[in-house]
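The chain contents come next:
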Amino acid sequence: MTLTAPVTPPKSVPASRRGSSVRRTWQKASPYAYIAPFFTLFAAFGAFPLLYTAYVSLYRVELQTPGDMEWRGLGNYTALLEDEFFWISLRNTFTIGVLSTVPQLVMALGLAHLLNYRMRGRTFLRTAVLLPYATSVAAATLVFAQLFGRDFGLINYLLGTVGIEPVDWQTGTVASQIAVSAVVVWRWTGYNALIYLAGMQSIPDELYEAAAMDGASRWRQFFHVTLPGLRPTIVFTVIVSTIGATQLFGEPLLLEGKISGGISHQYQTLGLYMYEQGWGFFHLGRAAAIAWVMFLLIVVLVGVNALIAHRRSRKEAGR
Amino acid sequence: MTAPGTIEAPPRPPRPDRPSPAAPPRGRRPSRAGRTLHAGPVAYAILIIAVLVSAFPFYWTLVAASRSNADLAQVPPTLVPGPHLIRNFEAVLEEADIGKALLNSLIVSGSITLGTVLCCTLAGFAFAKLRFRGRGALLALTVGTMMIPPQLGVIPLFMMIAELGWVNQLQSVILPGLVSAFGVFFMRQYLVQTLPDELIEAARVDGASTARIFWSIVVPIARPGMAVLGLLTFMAAWNDFFWPVVALTSSEPTVQVALRQLGGGYVHDQSVIMAGTLLGTLPVLLVFGLLGRQIVGGIMQGAVKG
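Basis of the calculations
Residues numbered from 1 in each chain as written. Chains lettered and ligands numbered in written order. Predicted model: local features only at pLDDT ≥ 70, side-chain atom pairs only at ≥ 80, totals over all residues. Heavy atoms only, no water. Helix = DSSP H or I, 4+ residues; strand = E, 2+ residues; numbered from the N terminus. Buried < 20%, exposed > 50% of the residue type's maximum accessible area, 1.4 Å probe, protein only. Contact = heavy atoms within 4.5 Å. Areas by Shrake-Rupley, 256 points an atom, 1.4 Å probe, with all protein chains shown as cover. Axes fitted to C-alpha atoms, helices over the stretch in contact; angles between N-to-C directions. Parallel < 35°, antiparallel > 145°, perpendicular 65-115°, else oblique. Left-handed = near helix turned anticlockwise from the far one by under 90°. Salt bridge = Lys/Arg side-chain N within 4 Å of Asp/Glu carboxyl O. Core = buried A, V, L, I, M, F, W, Y, C linked by side-chain atoms within 4.5 Å. Buried area = accessible area lost by both parts, 1.4 Å probe. Polar contact = N/O pair within 3.5 Å; in protein donor to acceptor, adjacent residues only side chain to side chain. Nonpolar A, V, L, I, M, F, W, Y, C, P; charged D, E, K, R; others polar. Expected span 1.5 Å × (residues − 1). Bend = angle between axes of the 7 residues up to and from the residue. pLDDT = per-residue confidence, 0-100. Phe/Tyr/Trp six-rings, centres within 6.5 Å; stacked < 30°, edge-to-face > 60°.

**Considering the overall build of chain B**
Regarding its fold elements, chain B presents 13 helices and 0 strands. The order of helices and strands in chain B, counted from the N terminus, is α-α-α-α-α-α-α-α-α-α-α-α-α. The buried share among the 306 residues of chain B stands at 54%. Put simply, 73% of the contacts in chain B that link residues at least 6 apart link residues at least 24 apart. By element, 64% of the accessible surface of chain B is carried by carbon and sulfur atoms, the whole surface being about 13000 Å².

Next up, the structure:
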């Protein structure tokens, strides 16, 4: 991190300047004027709601009468634990998270490696793989829902040409979760590839040259120079993607357009479950409890990730 | 005085490290480092497949949006655009009021972009170049919350806007959209790198106030960074889904809310749904087509430091 030099005026500035004490007070206070617009909005629409969620989760609050709050203690939480759909959505969030994050990041790593080559049309290729990032969840999911259609979908047609029976991408548990994950993978692989590419470009050339001197093949260079050099970037993307996966909402909502996430809730995520409780069944208090559970889940997952990354780099340093 | 955050100036990519493609490869020295390796046919082939996979859903949207529903039920599926594009557009405008949704999205995304760029440049400047008590702690707080998804505060936020009577009004989407911890961090990093302290000191010696320094020195220098932040913010605001779905209804939708209604069973005509999807995607696709290179630069820039 770059150190910023102090910008206070040099002491030699004549103190005789008009209203110098007022001016000095203002000089001290004025930085706060620059951060005030952001922090005012941040306090009102960012930090406060985040904290207040925990408070709301202890009350019975209904959507129609958000002003009436009735103390419920941990009632919202115990109700969650007894709801089988909570457990189903928790499991779905986990499986869809793995199904979407792992292929996405592995493919992004490979793409980034290729995009790092010297080649014709490099800028075009880099921009083109980012194209899916320009779509919205809603648009992407509606198109994929069409492609994944059971009877007339293009994907089942293609599978048919190689002799595979049509798959019901909406009712099968694994199939529907794959369909949801496909949208996520499609939208975010190029984005992550660019992040890896940025990381790769900060790896010093000398490391590659030294590896090449030692006779390391391209593959070995990738595994022994690129991957270790990218570790911080990889940890960053794993954490960001994990958080994203915990929040999945639009994809499972729009695959069929129903808030239950499939007839047997087979692809309902926690995000969608929260929406169903809050805006489908009007239980805002219960929805707040789900939000808080999601937050704890993220804290645990990020903590585990950070721990693994920390231990691995310590191990390596010890070698 | 120049208006803040005007985006018409063509932004230069913040990291002009790209070797110009016209330049001949340096010397005949066998290239060794990953960066100077030349791509072989396999690399090209894989990348072209990746590009095709990236682009195909867009092409398919166009195909499906320009066909009738009956065409889409054909086996084998047709893979070329048909003649019904205009008719499907008309159907969407009628059934989901996409026209109003497009206008609303433009208002919302435009306001969010201008507001965010201004707020974040102000705060980014303060964090980069001014000294004040609590600077480190406040910056850490800001960066820390980047990791917390805003979705988690959605219930109190909804209760707030219900209390204020803002449900189904555009400001309920605009105001929370102005909060961007990423933007503050991005502008701070940008200014730390591009704005020399000497420039500010010199201006101070000349008696310029901080406000004067901000408008006459910081903003002009920050403009490329502001443009990139503006682009990223506009795309994110245009594509935002969860909060608009919660805060707005079908009578005052953004494009994403309208798409949700299309996909939510109000319309069963697949080709009409695809026409709506196409209309909702076109504006941001246009931005991407014109300024894709800057967007790539912005993402890579944000990533290295993130």
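**Let's talk about the packing of helix H4 (residues 122-130) of chain A against helix H1 (residues 41-65) of chain B**
Put simply, H4(A) and H1(B) touch, their axes get as near as 8 Å, and they point 40° apart. With respect to their mutual orientation, H4(A) and H1(B) come out oblique. Between H4(A) and H1(B) the crossing geometry is left-handed. Residues Leu125(A), Ala128(A) and Val129(A) of H4(A) form the contact with H1(B), whose own contacting residues are Leu47(B), Ala50(B), Val51(B) and Ser54(B).

**Here's the deal with the pattern of salt bridges**
In total, this model carries 7 salt bridges over all chains according to the counting rule given. Salt-bridge contacts for Asp83(A) lead to Arg286(A); the nearest nitrogen and oxygen are separated by 3.9 Å. Taken as a pair, Asp83(A) in the loop between helix H2 (75-82) and helix H3 (84-115) and Arg286(A) in helix H12 (residues 284-318) lie far apart in primary sequence, 203 residues in all. Residue class for Asp83(A) comes out buried when judged on its relative accessible area of 15%. Taking the shortest distance from any N to any O, the salt bridge between Asp197(B) and Lys129(B) comes out at 2.9 Å. In this pair, Asp197(B) sits in helix H9 (residues 197-205) while Lys129(B) sits in helix H4 (residues 98-129), placing the two residues 68 residues apart along the sequence. Among the residues examined, Asp197(B) registers a relative accessible area of 12% and is labelled buried. It is possible to trace a salt-bridge network through shared partners that takes in Arg150(A), Asp151(A) and Asp168(A).

**Here's the deal with the nonpolar core**
Among the nonpolar cores identified, the biggest contains 170 residues, and Met274(A), Trp279(A), Phe125(B), Ile155(B), Trp243(B) and Ile295(B) are the most heavily contacted of them. The dominant element in this core, judged by the number of residues it contributes, is helix H10 (residues 210-239) of chain B, at 15 residues. The residues contacting Ile155(B), other than those within four sequence positions of it, are Val56(A), Met274(A), Trp279(A), Leu284(A), Ala287(A), Ala288(A) and Ala291(A).

**Looking at the environment of Thr78(B)**
Residues and elements named next belong to chain B. For Thr 78, the location among the structural elements is in the loop between helix H2 (69-72) and helix H3 (85-96). The exposure class assigned to Thr 78 is buried, which follows from its relative accessible area of 16%. The spatial distance from the C-alpha of Thr 78 to the C-alpha of Thr 145 is 48 Å, given a sequence separation of 67 residues.

**Points about the interface of chain A and chain B**
Across the contact, 104 residues belong to chain A and 115 residues belong to chain B. Roughly 10100 Å² is buried in total at the junction of chain A and chain B, and carbon and sulfur atoms are behind 74% of that figure. If you look at where chain A meets chain B, you find 0 salt bridges. Linking chain A with chain B are 14 residue pairs in polar contact (both at pLDDT 80 or more), by the criterion used here. The element contributing the most residues to the side of chain A that touches chain B is helix H1 (residues 20-56) of chain A, with 20 residues. Tallied by class, the residues present in the side of chain A that touches chain B amount to 76 nonpolar, 18 polar and 10 charged.

**Re H10(B)**
The periodicity of an α-helix, 3.6 residues per turn, causes residues three or four positions apart to be oriented the same way. All names here are of chain B. The end-to-end C-alpha distance of H10 is 36 Å, clearly below the 44 Å that 30 residues give at a rise of 1.5 Å each. Largest kink in H10: about 60°, centred on Arg 223, with the proline Pro 224 one to four residues after it. Of all 30 residues in H10, 22 are buried; the element is thus mostly enclosed.

**What about the side chain of Gln189(B)?**
All names here are of chain B. As for its placement among the helices and strands, Gln 189 is situated in helix H8 (residues 181-194). A residue is classified by how much of its surface remains accessible, and Gln 189, at 13% relative accessible area, is buried. In terms of polar contacts, Gln 189 uses its side chain to reach the side chain of Arg 188, at 2.5 Å.

**Examining the confidence of the model for chain B**
All names here are of chain B. Mean pLDDT for chain B: 85, with 85% of residues reaching 70 or above. A low-confidence stretch, residues 1-35 stays under pLDDT 50, and its non-local contacts, those more than four residues away or across chains, total 56 contacts. Here the predicted complex scores 0.87 on pTM and 0.88 on ipTM.

**Thoughts on the packing of aromatic side chains**
Following the criterion strictly, the structure yields 37 aromatic pairs over all chains and no others. Considering the side-chain rings of Phe144(A) and Trp186(A), the 5.4 Å spacing of their centres and the 50° angle between planes classify their relative orientation as tilted. On the criterion of sequence distance, the pair formed by Phe144(A) in helix H5 (residues 137-147) and Trp186(A) in helix H7 (residues 173-201) is long-range, its members being 42 residues apart. Like Trp186(A), Phe144(A) is buried. Counting every residue linked through ring pairs, the aromatic cluster contains Tyr32(A), Phe38(A), Phe39(A), Phe42(A), Phe127(B) and Phe132(B).

**Some details on the environment of Ile46(B)**
Residue and element names in this part refer to chain B. Among the structural elements, Ile 46 can be located in helix H1. Under the relative-accessibility criterion, Ile 46 is labelled partly exposed at 42%. The sequence separation of Ile 46 and Leu 195 amounts to 149 residues, and the corresponding C-alpha distance is 41 Å.

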